[in-house]
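Residues per chain, in single letters:
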Amino acid sequence: MPDAVHLRCSDPACAATLDARDNPLACPRCGGLLDVVVPLPQADPRDLQRAWLERRRSNDALDASGVWRFREFLPAYPAPALVSLREGNTPLLDARHVPAASRVARLFFKHLGWNPTGSFKDTGMTVGITEAKRAGAARVACASTGNTAASMAAYAARAGLPARAYLPRGAVSGAKLAQAIDYGAEIVEVDGNFDAALARLVAGAGTGEYFVNSLNPFRLEGQKTVIFELLEQLQWSPPDVIVVPGGNLGNVSAFGKAIEELVASGLIAKRPRLVVVQAEGANPFARLWRSGAAALEPQRDPQTEATAIRIGAPASWKKALRALRFTDGLAMDVSENAIRDAKAAIGREGIGCEPASATTLAAIEQLAADGRIDRDATVVAILTGHALKDPDFIMRHSGRERGV
Ligand SMILES: [Zn+2]
């Protein structure tokens, strides 16, 4: 089994290995989350880098995807089986006007909101839905604060699979809900928050639904490629710091796995430090990090206007902890005011993002002001969603209600 793609329990104390075709949700031995293990390619790193760049000139569907372009590090599927909307290939934009731009040597926004459905979820969903098809799923399902539902609905439609999204009633941006409906998903509104919606999804397991939440390790494989593409855009010279918003913590887990695999294959030597940032009102992981406690204490009623990261019981906290330890990173939180200011500042860059994405700049402003980021550092803020994902937030804070 170790020579082929397989699953492994992410708890190193257990490390049970499983056949990828068994479609387990969690480790049957200890209940831990699973990792997909793809044998590392043996090719010369420079040959791989050349091949990946060369594929950008190709119109082949597999090459035109910014995820499958890096397929040497992904589970293998026959080309016609791939479910792709040409995701990835998102820009790295330099910051010009925000205060932090003058406090560090180089500050970039990696904008994952410029994916097909407007969020980073697409980079993982292309793998998740491809795997769902391979597994013979009759229907796919997820719990979501909105972005996952929109992405799942689009890729499921592409694959000809019915999709069902469990959403917290009244807590999802209308724009995201509209996307999921537009792509034909069935919507189940659940009383309570995201955590309640996730509990409802898991409770229905065994009814033939294939889950594409971030519990699904195949999605994280696709999200890994964000780091590959970012490094390619920086000529394979790793940045010092990468800052990523923390909700359910799947993204930082995927980034940590990418960095581990890139180091192990000799593609990079230096490990960029990963910084996870949460909103003060939805900060169970930042509190865990500060306290040094052994286990995450779920937060019962998380509150933040950054609804994409309004999550009290992040599923992937153990994987996220592993990512921070491997990269000498840290977790922190920022206030609602700081999120609002940072979001406006990113807008004035002509870039724009959804509120959760703005936590990154708020964190960078704070770390740079405190001297916790060196002045000669290269820093990357991961923007996870498009400005049009939550226009209501913009209108609430635009001053238009005052007649300005
Ligand atoms: Zn286990």
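Scroll up to find the structure.
The present account deals with the structure reproduced in this document. Keep in mind that what you see is a predicted model, and the values were worked out from it rather than measured.

1. A closer look at the packing of aromatic side chains
Geometrically, a pair of aromatic rings is defined through the distance of the ring centres and the angle of the planes. On inspection of all chains with the given rule, the structure shows 7 aromatic pairs. For the ring pair Trp 52 and Phe 228, a centre distance of 5.7 Å and an interplane angle of 70° mean the geometry is edge-to-face. With Trp 52 in helix H1 (residues 45–55) and Phe 228 in helix H7 (residues 217–233), the pair connects residues that are 176 residues apart, well separated along the chain. A residue is classified by how much of its surface remains accessible, and Trp 52, at 0% relative accessible area, is buried. Taking the relative accessible area as the measure of exposure, Phe 228 reaches 1% and is therefore buried. Site record: aromatic cluster; members linked through ring pairs are Trp 52, Phe 70, Phe 73, Phe 228 and Trp 236.

2. Observations regarding the sheet that holds strand E1 (residues 6–9)
What the 3 strands build is an open sheet, ordered E2-E1-E3; its pairing is antiparallel. The strands lining the two open edges of the sheet, one partner per strand, are strand E2 (17–18) and strand E3 (34–37). Here E1 runs beside E3; their pairing, made up of 4 bridges, is antiparallel. Paired with Cys 9 across the bridge in E3 is Leu 34. Across the face of the sheet, H7 comes into contact with E1 and E3 while running at roughly 55° to E3.

3. What about the sheet that holds strand E9 (residues 209–211)?
Pairing within the open sheet is parallel, and its 4 strands lie in the order E8-E7-E6-E9. The outermost strands of the open sheet, each flanked by one partner alone, are strand E8 (186–190) and E9. The mean inter-strand angle of the sheet, taken between neighbouring strand axes irrespective of direction, is 30°. Sheet analysis places strand E6 (residues 139–143) next to E9, joined by 3 bridges and oriented parallel. Counterpart to Val 140 in the pairing with E9 is Tyr 210. Contacts from helix H4 (residues 147–159) reach E6 and strand E7 (163–168), with the element oriented near 170° to E7.

4. Structural notes on helix H3 (residues 121–134)
The first and last C-alpha atoms of H3 sit 20 Å apart over 14 residues, in line with the 20 Å expected at 1.5 Å per residue. Taken together, the buried positions of H3 are Lys 121, Asp 122, Thr 123, Gly 124, Met 125, Thr 126, Val 127, Gly 128, Ile 129, Thr 130, Glu 131 and Ala 132. Elements that come into contact with the buried residues of H3 comprise E6, H4, E9 and H7. One or two steps after H3, the chain reaches Gly 136, where phi turns positive at roughly 80°.

5. Here's the deal with unusual backbone geometry
A positive phi is found at Trp 236, a non-glycine position, where the angle reads about 65°. Topologically, Trp 236 is positioned in the loop between H7 and strand E10 (241–245). With a phi close to 55°, Asp 328 is a non-glycine residue in the positive phi region. Position of Asp 328 relative to the elements: it lies in the loop between helix H10 (317–326) and strand E12 (330–334). You can call Asp 328 exposed: its relative accessible area is 53%.

6. Side note on the coordination of the zinc ion
Taken together, Cys 9 (SG), Cys 14 (SG), Cys 27 (SG) and Cys 30 (SG) make up the full set of protein donors to the zinc ion, lying 2.3 Å away. Around the zinc ion sit 4 donor atoms; with metal-centred angles ranging over 97 to 116°, the donor geometry is tetrahedral. Sequence spacing among the residues donating to the zinc ion works out to C-x4-C-x12-C-x2-C.

7. Structural notes on the environment of Gly 113
Here Gly 113 lies in the loop between strand E5 (106–111) and H3. On the basis of relative accessibility, which here comes to 2%, the residue Gly 113 falls in the buried class. Taking the C-alpha atoms as reference points, Gly 113 and Leu 48, 65 residues apart in sequence, are found 27 Å from one another. For Gly 113, the residues in contact, after removing those within four places along its chain, are Gly 118, Ser 119, Leu 383, Thr 384, Gly 385 and His 386.

The rules behind the values
- Residues numbered from 1 in each chain as written.
- Predicted model: local features only at pLDDT ≥ 70, side-chain atom pairs only at ≥ 80, totals over all residues.
- Heavy atoms only, no water.
- Phe/Tyr/Trp six-rings, centres within 6.5 Å; stacked < 30°, edge-to-face > 60°.
- Helix = DSSP H or I, 4+ residues; strand = E, 2+ residues; numbered from the N terminus.
- Buried < 20%, exposed > 50% of the residue type's maximum accessible area, 1.4 Å probe, protein only.
- Pairing = 2+ DSSP bridges.
- Contact = heavy atoms within 4.5 Å.
- Axes fitted to C-alpha atoms, helices over the stretch in contact; angles between N-to-C directions.
- Expected span 1.5 Å × (residues − 1).
- Donors = N, O, S within 2.8 Å, 3.2 Å for Na, K, Ca; no water.
- Tetrahedral: all angles 85-135°; square planar, octahedral: opposite > 155°, others 65-115°.

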